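Residue-level structural notes
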Amino acid sequence: LTDLAEAIAPKPAAPVAPTGTASLPGSGRAKPRGSVAQQYADIDWPWIEELRTLAAAQLSRSESDDEAIALQKLANRDTARDEARPLVSDLVEQSIQDRLRTGLISPAEIRQHQTVEIVLDALFGMGRLQPLLDQPTIENIDFLAYDRVILEHSDGHLEDGPKIFSSDDEMRSW
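Residues numbered from 1 in each chain as written. Predicted model: local features only at pLDDT ≥ 70, side-chain atom pairs only at ≥ 80, totals over all residues. Heavy atoms only, no water.

**Re the overall build of the protein chain**
What the protein chain contains, in helices and strands, is eight helices and five strands. Reading the protein chain from its N terminus to its C terminus gives the helix and strand order α-β-β-α-α-α-α-α-α-β-β-β-α. Looking at the 174 residues of the protein chain, the share that counts as buried comes to 31%. Considering only contacts in the protein chain between residues 6 or more positions apart, those separated by 24 or more positions represent 51%. In the form shown here, the protein chain has an accessible surface area of approximately 10700 Å², with 53% of it arising from carbon and sulfur atoms. (Helix = DSSP H or I, 4+ residues; strand = E, 2+ residues; numbered from the N terminus. Buried < 20%, exposed > 50% of the residue type's maximum accessible area, 1.4 Å probe, protein only. Contact = heavy atoms within 4.5 Å. Areas by Shrake-Rupley, 256 points an atom, 1.4 Å probe, with all protein chains shown as cover.)

As structure tokens, then:
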């Protein structure tokens, strides 16, 4: 019980790594450095879900003509991800332009490459959890509540994780 109390007690903020990017082994993708919570801070998850839904609908329409090919693509998620990238990139670019026109975002807020990767994670990975799973130092992810996440790193230190869900019900249904 003492260990649990220590684990959930507020911890001082972990030192922030230098900003920039690092390539994850075997992923072929660059990931931003810095605290995990900082990386999640500005993600508009409802927008990501909207883009994921649009991309999934378009992908399923294009693959419905030949189910055998669709099943083969699903068997190799990396290939499917690579083939979906141009479609997702176009959807994100169009959506960003719409958001700029309507004032929902400013030019300074544009992170097109990051948004494309997050949408692809939602389609072919573990969605909101994928950025955490891609970090090689994270060994355990403990959800104490929708807004209370503890990350255990391979060196044993604990870090407050980002808020992944907007409610306990959303977390349970995921």
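Still more to cover.
**Some words on helix H6 (residues 112–124)**
Relative to the 18 Å expected for 13 residues at 1.5 Å per residue, H6 spans 18 Å between its end C-alpha atoms, a close match to the ideal helical length. Buried within H6 are the following residues: Thr115, Val116, Glu117, Ile118, Val119, Leu120, Asp121, Leu123 and Phe124. (Expected span 1.5 Å × (residues − 1).)

**As for the pattern of salt bridges**
Inspection of the entire model under this criterion finds 10 salt bridges. Between Arg99 and Asp44 there is a salt bridge, with its nearest N and O atoms 3.2 Å apart. Pair noted here: Arg99 is in helix H5 (residues 77–102) and Asp44 is in the loop between helix H2 (36–40) and helix H3 (45–63), with a separation of 55 residues, a long-range link. For Arg99, a relative accessible area of 14% translates into the label buried. Overall, the relative accessible area of 30% leaves Asp44 in the partly exposed class. Taken together, the salt bridges that share partners define one network made up of Arg81, Asp82, Arg85, Glu117 and Asp121. (Salt bridge = Lys/Arg side-chain N within 4 Å of Asp/Glu carboxyl O.)

**Here's the deal with the nonpolar core**
Counting residues in hydrophobic clusters, the biggest one holds 20 residues, and the most contacted among them are Ile48, Val88, Val92, Val119, Leu120, Leu123 and Phe124. Put simply, the parts of the chain that give this core at least two residues each are H3, H5 and H6. If sequence neighbours within four positions are ignored, Ile48 has contacts with Ile43, Thr115, Ile118, Val119 and Ala122. Formed by seven residues, the second largest nonpolar core is a distinct cluster that contains Leu129, Ile138, Leu151 and Phe165. (Core = buried A, V, L, I, M, F, W, Y, C linked by side-chain atoms within 4.5 Å.)

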